[in-house]
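# Structural overview for review
The residues making up each chain are set out below.
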Amino acid sequence: MEFDPQQLDAHLQELVAQACGCAPKSAERQGYLQQVHYWVTTSNRLWRTNDDYYTDALQDMWEYCFQHVEDYAPDRAGVMTWLDVNLRRFLQRYRDRRQRNLKRHQSGVQTNDGETLNPIDRLPARSDVSPALEMFNRTLDWLRADPEGVLQKTCFRKRAEINAQVLIQKRFPDKIPWRAIATEFNLSPAEATDLPKFYNRRCLPLLRAFGKAQGYLDS
C-alpha cells in the first residue's frame, strides 16, 4: 500500500491516536508505534543531514517521541512535522555538544614573538552549511523569487491569492494542515477537498522539476 503525502499524514495521525488510546507499554501500543516507525521510514520524508551524529539523534528522537506520544497535538501540526521538529532539536544538541567539546580541548600555541595562536584557526575553513540545509535554502530562495513567474500564475480555481508559490511555502517544509489552509482562504467544503488534489497535480510537479534541474532528484 502506498499513500500520497496527505493520506500518509492522516494515516499517521490515526495510528498515533490509536496508540494513545492503549495502555502505556502495552503490546497494542507498541504495535501502533511500530507502524508509525515503518510508514515514516519508508516514506523518506523525514528530515535528513550528512552529520555523523545523525543516526544517534534519530534514535534519540524516536525514543523521546514514542515515550511522549501523548504530547503530540494534531491541531498544531502533522505527525511528520512533529517528528521533524524533535529530530532537529536533538541534532542541535549533538551539534552544541560537539562545539563545547571542541572548545574544551583547544589549546594555544606560543610563538617566538609571544603570540598565542589557536590551532583551530590554522585549519582550512569548512562550511557550516550541510548539503541538505543548502538544498533547503536554495529551494526556499527559488520559491520566494519565482524567477519565471510560473508559480504565481499556477492558481487554484482562478484565485490569484491561492497559487503554487503560496501553497508550496505552506506545505514545505512545515506541512501546515490542509484544513488550516482551507480555513485561512475561506474555502467551501468542495474547494477544501479539491485543494490537495490541485497541489499534487499542479504544484508538486513544479517543485520536482526544480529539484531535478538542480540535481537534487534523479531524472
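Up top is the structure.
Residues numbered from 1 in each chain as written. Predicted model: local features only at pLDDT ≥ 70, side-chain atom pairs only at ≥ 80, totals over all residues. Heavy atoms only, no water.

A few words on the layout of surface pockets. To find the voids left in a structure, one rolls a probe of water-molecule size over its atoms. By volume, the largest pocket is sized at about 1200 Å³. Along the wall of the largest pocket there are 34 residues; nearest its centre are Asn44, Arg45, Met135, Phe172 and Lys175. Those elements giving two or more residues to the lining of the largest pocket turn out to be helix H2 (27-43), helix H3 (54-67), helix H4 (79-105), helix H5 (131-145) and helix H9 (189-214). The dominant element in the lining of the largest pocket, judged by the number of residues it contributes, is H9, at 6 residues. Considered class by class, the residues forming the lining of the largest pocket number 18 nonpolar, 9 polar and 7 charged. (1 Å grid on protein atoms, 1.4 Å probe; cavity = no way out; pocket = protein on both sides within 12 Å on 5 of 7 lines; lining within 4 Å. Points joined across faces, edges and corners; volume = space filled by probe spheres on them. Helix = DSSP H or I, 4+ residues; strand = E, 2+ residues; numbered from the N terminus. Nonpolar A, V, L, I, M, F, W, Y, C, P; charged D, E, K, R; others polar.)

On to the pattern of salt bridges, then. Counted by the stated rule, this structure contains 10 salt bridges. With its nearest N and O atoms 3.5 Å apart, the salt bridge here joins Arg95 to Asp51. Pair noted here: Arg95 is in helix H4 and Asp51 is in the loop between H2 and H3, with a separation of 44 residues, a long-range link. A relative accessible area of 31% places Arg95 in the partly exposed class. Taking the shortest distance from any N to any O, the salt bridge between Lys197 and Asp194 comes out at 4.0 Å. Linking Lys197 with Asp194, this pair stays in helix H9, spanning 3 residues, or about one helical turn. On the basis of relative accessibility, which here comes to 47%, the residue Lys197 falls in the partly exposed class. Among the charged side chains, a network of salt bridges with common partners joins Arg157, Glu191, Asp194 and Lys197. (Salt bridge = Lys/Arg side-chain N within 4 Å of Asp/Glu carboxyl O. Buried < 20%, exposed > 50% of the residue type's maximum accessible area, 1.4 Å probe, protein only.)

A few words on H9. Look at H9: 37 Å from first C-alpha to last across 26 residues, which is about the 38 Å you get at 1.5 Å a residue. Largest kink in H9: about 35°, centred on Tyr199. Those residues of H9 not exposed but buried are Glu191, Leu195, Pro196, Phe198, Tyr199, Cys203, Leu204, Leu207, Phe210 and Gly211. Following H9 by one or two positions, Gly215 adopts a phi angle in the positive range, close to 85°. (Expected span 1.5 Å × (residues − 1). Bend = angle between axes of the 7 residues up to and from the residue.)

Before going further, it helps to examine H3. Spanning 14 residues, H3 covers 20 Å between terminal C-alpha atoms, matching the ideal 20 Å at 1.5 Å per step. Residues of H3 that are buried: Tyr54, Ala57, Leu58, Met61, Trp62 and Cys65. For H3, the angular spread of buried residues about the axis comes to 140°, placing them on one side. Summarising the geometry of H3, the exposed residues directed more than 90 degrees from the buried face are Thr55 and Gln67. (Arc of directions from axis to C-beta.)

What follows concerns the packing of helix H7 (residues 164-171) against H9. Helices that pack against each other are described as a pair by the angle of their axes relative to one another and the distance between those axes. The contact between H7 and H9 brings their axes to 10 Å, and the two run at 95°. Classified by the angle their axes make, H7 and H9 are roughly perpendicular. Packed against H7, whose contacting residues are Ala164, Leu167, Ile168 and Arg171, the element H9 presents Leu195, Phe198, Tyr199, Cys203, Leu206 and Leu207 at the interface. Across the contact of H7 with H9, the residue classes tally to 9 nonpolar, no polar and 1 charged. (Axes fitted to C-alpha atoms, helices over the stretch in contact; angles between N-to-C directions. Parallel < 35°, antiparallel > 145°, perpendicular 65-115°, else oblique. Contact = heavy atoms within 4.5 Å.)

Attention shifts here to the side chain of Asp9. Examined against the element boundaries, Asp9 turns out to sit in helix H1 (residues 5-20). Given the relative accessible area of 10%, Asp9 is considered buried. Leave out the neighbours within four places in its chain, and Asp9 touches Arg45, Met80, Arg171 and Lys175.

This part is about the state of the cysteines. Across all of its chains, the model carries 0 disulfides by this definition. Of all cysteine sulfurs in the structure, the one in Cys155 sits closest to Cys203, which takes part in no disulfide; the separation is 9.5 Å. (Disulfide = S-S within 2.5 Å.)

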